[in-house]
Amino acid sequence: MKNQTVRPSAPELSDPRKAVIDFSRSAVPRYVQLASLFRNRVESGQWAVGEQIPTVDELAEDCQVARATVRQALDLLEHEKLIARYRAKGTFVIGKPQEQFWCEVATDWSGQLLAPEGASIEVLTARQRLTPAPVDAAIGVMAPAYEHWRRRHWRHGKPYYLGDVYIDAEVCKRIPKKSFETKTSMRILRDLPGLEIVEAHQTLTLGSADPQIAELLQIALNAPIAYVTRSAVDQAGRVVFVGRGIYRGDVIRLDIRLK
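Parameters and conventions
Residues numbered from 1 in each chain as written. Predicted model: local features only at pLDDT ≥ 70, side-chain atom pairs only at ≥ 80, totals over all residues. Heavy atoms only, no water. Helix = DSSP H or I, 4+ residues; strand = E, 2+ residues; numbered from the N terminus. Buried < 20%, exposed > 50% of the residue type's maximum accessible area, 1.4 Å probe, protein only. Contact = heavy atoms within 4.5 Å. Areas by Shrake-Rupley, 256 points an atom, 1.4 Å probe, with all protein chains shown as cover. 1 Å grid on protein atoms, 1.4 Å probe; cavity = no way out; pocket = protein on both sides within 12 Å on 5 of 7 lines; lining within 4 Å. Points joined across faces, edges and corners; volume = space filled by probe spheres on them. Nonpolar A, V, L, I, M, F, W, Y, C, P; charged D, E, K, R; others polar. Arc of directions from axis to C-beta.

*Asks:* Describe the overall build of the protein, with residues and values.
*Replies:* When helices and strands are tallied, the protein shows 7 helices and 11 strands. Looking at the protein as a whole, 38% of its 259 residues are labelled buried. Of all intrachain contacts in the protein linking residues separated by at least 6 positions in sequence, the fraction that spans at least 24 positions is 60%. For the protein, the computed accessible surface area is about 15,700 Å², with 51% contributed by carbon and sulfur atoms.

Take a look at the structure:
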């Protein structure tokens, strides 16, 4: 009788949906992490629009958390109009996160000139002599002095962007005050006679809201946000504009065309 080679059977893959999550690895509150997990289930279609989601008891058991934590997480999704609770019937999915993303972070020059339709700008502080953190020397030479504005952008009755604007003090002398209440920073510079923007840069990083940002953008503490740093250089190689802005993460979308 010939010897038979016995091949080990492939290990069974565990269902990632049943994996226990170690929420203690992050400083973000447990219910916020849980809300992010549930939000991803809605976005991926695991919890489809129109379908009933598991009960609080089932979710608490699956995720190994307290029922109160599950309720807090579901409160966030309900506030975002992703789910609806019905007495004696259960909780149902009524929307998807991407349907909420109406604020696009522009990745080209023309997009930087336009604010979202229906947006309004609130000036919080104006014309303060403040110096921004220096940009990379390879980008351009910093101006001797800058004037600073802090603005908050609104749409649909909620603030979605908080921006700190630093503009070369010499350039500011020619900017009408009203412009800061109606135009994006890049549009202000583009419309200024005699000023030519020859180069612009933008960097986006992700983070979470501290208490001050959470209050100004009306979002939960440690909610996701996007930091955007922009700079513009004139024909003389001077950095005439530095912008440091914060978008609330629940309304923004970043589209990049790949060539």
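*Asks:* Describe the layout of surface pockets, listing the residues and the values that go with them.
*Replies:* Considered as a void within the structure, the largest pocket measures approximately 940 Å³ in volume. Lining the largest pocket we find 35 residues, and of these Arg-39, Glu-80, Pro-224, Gly-249 and Asp-250 sit closest to its centre. Among the secondary structure elements, those contributing two or more residues to the lining of the largest pocket are α1 (30–44), α3 (67–79), β8 (197–208), β9 (224–234) and β11 (252–253). Residues that form the lining of the largest pocket fall into these classes: 19 nonpolar, 8 polar and 8 charged. Looking at the second largest pocket, its volume works out to about 500 Å³. Together, 26 residues line the second largest pocket, and Gly-111, Leu-114, Ala-115, Thr-184 and Tyr-247 are the ones closest to its centre. Secondary structure elements with two or more residues in the lining of the second largest pocket: β3 (103–104), α4 (109–112), β6 (146–155), β7 (158–168), α6 (185–190) and β10 (238–248). Split into classes, the residues belonging to the lining of the second largest pocket amount to 12 nonpolar, 7 polar and 7 charged.

*Asks:* Give a detailed account of helix α2 (residues 56–63), specifying residues and quantitative values.
*Replies:* What α2 keeps buried is the set Leu-59, Ala-60 and Cys-63. Buried residues of α2 fall within an arc of 100° about the axis and therefore sit on the same side. Buried positions along α2 lie against α1 and α3. Of the residues trailing α2, Gln-64 is marked for its positive phi of about 55°.

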